[in-house]
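Next come the chains, spelled out residue by residue.
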Amino acid sequence: NAEYMGVHRLGVAIYVGSRSMLASRLRLLSPLLPAPARYASSSASEKTLRYLIVDGYSKDGRQELENGGASTAGRLFDKMLRKSTPAAWQVETEIIHPADPGYSHPDLTKYDGVAWTGCSLTIYDTSDPRIPPQISLAQKAYEVGVPSFGSCWAAQIAVVAAGGIVRANPKGREMGIARKITLTPDGRGHPLFEGKPHVFDAFISHVDEVTHLPAAGGLHLAGNGFSRVQAVSVTHKRGTFWGLQYHPEYDLHELARLTFCRLERLTKLGFFKTKEAGQQYVDLLEALHQDPSRRDIAWMLGIDEDVTDEIVRLCEVRNWINKLVIPAKVNNHI
């Protein structure tokens, strides 16, 4: 009711203020975070980080995103990795599509890190021939020992490839902004979340969830009221995979375009009363993206720096690069 919503909005306004202080502090620290690690040689090759980006979407799925004005997942990850890598390092990326016909595994020893995007496939659908090659690729990354990271589908791949289980979330789809993601005791002390608030919001879109971690090497790092597992760390064989169920690569524009792409489905699921109401939500997201000073829209949608400030939103990506990728690169050249 109106009275309840008023109290809720007031709470958001206070929350926004506290997050603003945190974002300001993180921004002041951003020239120092991440600090480039020492490396043994100054050769150009040793100052270059090579990322393999695994875009798990099918060709049809990628086309649907582009038709709705959204970026493909691989391109979003390319942009995010370049932003998050310390300036002292050059960046090379290669995007692969293991769901496409004719795919074959690349030589993973050529890469310093493997980054997995989200995906609209269903990992426990054993009849889908597009799934096994992706699980097999993650298993090879564990065997080779190349550091891995990613969002949404990535967390599920990380778990299943090491023997865990993913199933449909009985609550249905979590869409838009995941609220009150809370770090577990393991998460609060984990390097993935160094510098991150213990409770935060994040962009999200998924219907499946991790239900069982691998019997050995799996850590549950974060969750919320909708999805118990929102972040994992899996150490298996020689490799480590940090996976997020949410999407740090999104911004308000990308969430708007993704919502537009799925507008009919989301309306049928009850996220919007009508498609017109859904379009109004898309328009508000776009307006706030274009003009971040629109506090009225931020207040109305309950949006703050957790998702609008890149310093806060990309914290986990920077930590992966600085805590896993660069140290592994340096160790391989000593």
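Residues numbered from 1 in each chain as written. Predicted model: local features only at pLDDT ≥ 70, side-chain atom pairs only at ≥ 80, totals over all residues. Heavy atoms only, no water.

Digging into the overall build of the protein chain
Then step 1. From N to C terminus, the protein chain includes 13 helices and 11 strands.
Then step 2. Counting only residues that meet the buried cut, the protein chain has 52% of its 334 residues in that class.
Then step 3. Counting contacts in the protein chain only where the partners sit at least 6 residues apart, residues at least 24 apart contribute 76% of the total. (Helix = DSSP H or I, 4+ residues; strand = E, 2+ residues; numbered from the N terminus. Buried < 20%, exposed > 50% of the residue type's maximum accessible area, 1.4 Å probe, protein only. Contact = heavy atoms within 4.5 Å.)

Details of empty space enclosed by the protein
One simple way to see leftover space: roll a probe sized like a water molecule over the atoms.
Then step 1. The full count for this structure, using the stated rule, is one cavity of 30 Å³ or more.
Then step 2. There is about 90 Å³ of room inside the largest cavity.
Then step 3. Residue lining of the largest cavity: 13 residues in total, with Y57, L65, S71, L76 and Y250 positioned closest to the centre.
Then step 4. Contributing elements (two or more residues each) for the lining of the largest cavity: α3 (73-84) and α7 (252-261).
Then step 5. When grouped by side-chain class, the residues that make up the lining of the largest cavity number seven nonpolar, four polar and two charged. (1 Å grid on protein atoms, 1.4 Å probe; cavity = no way out; pocket = protein on both sides within 12 Å on 5 of 7 lines; lining within 4 Å. Points joined across faces, edges and corners; volume = space filled by probe spheres on them. Nonpolar A, V, L, I, M, F, W, Y, C, P; charged D, E, K, R; others polar.)

Digging into the packing of α3 against helix α13 (residues 315-332)
Then step 1. The geometry of α3 relative to α13 is characterised by a closest axis approach of 9 Å and an angle of 65° between their N-to-C directions. Judged by the angle between their axes, α3 and α13 are roughly perpendicular. Taken as a pair, α3 and α13 cross one another with a handedness that is right-handed. For the pair α3 and α13, the contacting residues are M80, L81 and S84 in the first and V317, R318, W320 and I321 in the second.
Then step 2. Classifying every residue of the contact of α3 with α13 by side-chain character gives five nonpolar, one polar and one charged. (Axes fitted to C-alpha atoms, helices over the stretch in contact; angles between N-to-C directions. Parallel < 35°, antiparallel > 145°, perpendicular 65-115°, else oblique. Left-handed = near helix turned anticlockwise from the far one by under 90°.)

Quick notes on the packing of aromatic side chains
Then step 1. In this structure the tally under the stated criterion is eight aromatic pairs.
Then step 2. With a centroid separation of 6.1 Å and an interplanar angle of 35°, the aromatic rings of Y51 and W320 are classed as tilted. Here Y51 is found in strand β1 (residues 48-54), whereas its partner W320 is found in helix α13, with 269 residues between them in sequence.
Then step 3. Given a relative accessible area of 0%, W320 falls into the buried group.
Then step 4. Considering the side-chain rings of F149 and W320, the 5.3 Å spacing of their centres and the 25° angle between planes classify their relative orientation as stacked. Separated by 171 residues along the polypeptide, F149 in strand β4 (residues 148-151) and W320 in helix α13 bring together distant segments of the chain.
Then step 5. Through pairs of rings, three or more aromatic residues link up here, namely Y51, F149 and W320.
Then step 6. The ring of F226 is capped by K171, whose NZ or CZ atom sits 6.0 Å from the centre of that ring.
Then step 7. Directly above the ring of F260 sits R257, whose terminal nitrogen or CZ lies 4.8 Å from the centroid. (Phe/Tyr/Trp six-rings, centres within 6.5 Å; stacked < 30°, edge-to-face > 60°. Lys NZ or Arg CZ within 6 Å of the ring centre and 35° of its normal.)

Overview of the pattern of salt bridges
Then step 1. Enumeration over the complete set of coordinates arrives at 16 salt bridges.
Then step 2. Between D112 and K329 there is a salt bridge whose closest N-O contact spans 3.4 Å. Within this pair, whereas D112 is found in the loop between β2 (90-96) and β3 (113-116), its partner K329 is found in helix α13, the two being separated by 217 residues in sequence.
Then step 3. What makes D112 buried here is its relative accessible area of 12%.
Then step 4. Among the residues examined, K329 registers a relative accessible area of 5% and is labelled buried.
Then step 5. Here D128 and R130 are joined by a salt bridge, their closest N and O atoms 2.9 Å apart.
Then step 6. Overlapping salt bridges, with partners in common, bring together E64, R262 and R265 in one network. (Salt bridge = Lys/Arg side-chain N within 4 Å of Asp/Glu carboxyl O.)

With respect to the confidence of the model for the protein chain
Then step 1. A residue-level look at the protein chain finds 86% of positions with pLDDT of 70 or above and a mean pLDDT of 89.
Then step 2. The low-confidence segment residues 1-18 (pLDDT under 50) makes 14 contacts with residues lying over four places distant or belonging to another chain.
Then step 3. Within the model, the stretch residues 28-42 combines pLDDT values under 50 with 23 contacts to residues more than four positions away or in other chains. (pLDDT = per-residue confidence, 0-100.)

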